[in-house]
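These are the residues of each chain, in order.
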Amino acid sequence: MKSVSAATVGLGVVGTANATPSVGGVPVPDDTDDLTYATMGTDADNQTATVFGNFKCPYTQNFVNNNLKDVIDEYVTTGQLNVEFRALAYQPPGTTSHGSSTYYISSSDPRISEVALSAWNERPAEYWDFFETMFDELVSGTVTYGEMRNHLESAGVGDRSEIVGNAKDGDYDSAVERTADIGGTVGVSFTPTFELGGDTTPPHHDADSLLDWIGSRLTGSSSSDASSSSTTERTITIDGTGTERWSEYELSVDGTVEKSTAMDASKDWSDKLSGTTVNGKVGPWRDSYTITGEITHFSIDDGAVVYRDGETVEPHQLR
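Since the model is a prediction, treat every value here as computed from it, not as a measurement. (Residues numbered from 1 in each chain as written. Predicted model: local features only at pLDDT ≥ 70, side-chain atom pairs only at ≥ 80, totals over all residues. Heavy atoms only, no water.)

Draft legend 1. Broad picture of the overall build of the protein. Each helix and strand in the protein was counted, giving nine helices and 14 strands. The burial tally for the protein puts 49% of its 319 residues in the buried class. Relative to all contacts within the protein whose residues are 6 or more apart in sequence, the contacts with residues 24 or more apart total 74%. (Helix = DSSP H or I, 4+ residues; strand = E, 2+ residues; numbered from the N terminus. Buried < 20%, exposed > 50% of the residue type's maximum accessible area, 1.4 Å probe, protein only. Contact = heavy atoms within 4.5 Å.)

See the structure below:
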């Protein structure tokens, strides 16, 4: 069960007031129940960037130990941006940068990634301490569940038996696989990759260039945004092409909703549209809808990828 202590979510700064912030002391949104993937930030509704990385990747380590701290200082602690971390355990579809293996670096990647996701979902207030510990010295070779438990203990993470047990039971298999699917959708071919608003960049080179890149893509808001949202048309697409099972979903709005063929979607008779609510399911195809107004409810089974106006979003970001 997720629990966040107010005492542990403030920014931890080592040394003087001008020192680089600690990743381990980064703020965490108060409400993390809908955040499957580890997220730092002051509010779950902030604009969110995604870092695709790997716990064995030295380039990801370089980013975490250097430029990420500048991003935290400039944008995360100021409430302008959330940063989500997704660990790539498998090659994104269409990429072969690490040879013919389906694993991103090694067969330990799924195990590491699943334990890390379990740690986030069980102990979010302690996750970023664990995350920072993992990048202090990279793990190598075949990493066992016992070794991951030791890393959790070194970082002071509680509920270690439950965290490792959840990973062993396969509770996070589909979430880890989905990261590779999302990575393929946005064009990730190496780690780390930083994604914001559908654009990507390698974030481990020049820090100032990265901060400028982020700043130019942060969206502002104004009173006119709210007044125009009731009439502005947007497209929601549920993409099941990367899954091997059904994904059921439900969508409700306070405006209008109608079926669409955006992103080569089909208009299936089995998807039931009643007033402003849709109940449907996707297999290896896409369903799209044109909507106006605000989304008042959205739920979906794991597996399918969700798009808003052609850009991937997490389901909770639609509400």
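Draft legend 2. How the structure looks around the nonpolar core. Grouped together as the largest cluster of nonpolar side chains are 46 residues, with contacts concentrated most on Phe-55, Tyr-127, Trp-128, Phe-130 and Phe-131. In terms of residue count, helix 4 (residues 124-136) provides more of this core than any other element does, six residues in total. Counting 17 residues, the second-largest nonpolar core is a separate cluster that includes Ile-238, Tyr-289, Ile-300 and Val-306. (Core = buried A, V, L, I, M, F, W, Y, C linked by side-chain atoms within 4.5 Å.)

Draft legend 3. Spatial organisation of the environment of Ala-155. Residue position: Ala-155 is located in the loop between helix 5 (145-154) and helix 6 (160-168). Of the residues examined, Ala-155 reaches a relative accessible area of 16% and is grouped as buried. Considering only alpha carbons, one finds Ala-155 and Gly-24, 131 residues apart in sequence, at a separation of 9.5 Å. Those residues in contact with Ala-155 that lie beyond four places of it in its chain are Asp-129, Phe-130 and Thr-133.

Draft legend 4. Molecular detail of the packing of aromatic side chains. Using the criterion set out here, one finds 16 aromatic pairs in the structure. When the centroid spacing of 6.4 Å and the interplanar angle of 85 degrees are considered together, the rings of Phe-85 and Phe-135 count as edge-to-face. With Phe-85 in strand 3 (residues 82-87) and Phe-135 in helix 4, this residue pair connects regions lying 50 residues apart in the sequence. According to the relative accessible area criterion, Phe-85 is buried, its value standing at 5%. Classification of Phe-135 by relative accessible area gives buried; the value is 0%. Taken together, a centroid distance of 4.9 Å and an interplanar angle of 85 degrees make the contact between Tyr-127 and Trp-128 edge-to-face. We classify Tyr-127 as buried; its relative accessible area is 2%. Above the ring of Tyr-37, the side-chain terminus of Arg-86 is found at 3.7 Å from the ring centroid. Above the plane of the ring of Trp-246 lies Lys-281, whose end atom (NZ or CZ) is 4.5 Å from the centre. (Phe/Tyr/Trp six-rings, centres within 6.5 Å; stacked < 30°, edge-to-face > 60°. Lys NZ or Arg CZ within 6 Å of the ring centre and 35° of its normal.)

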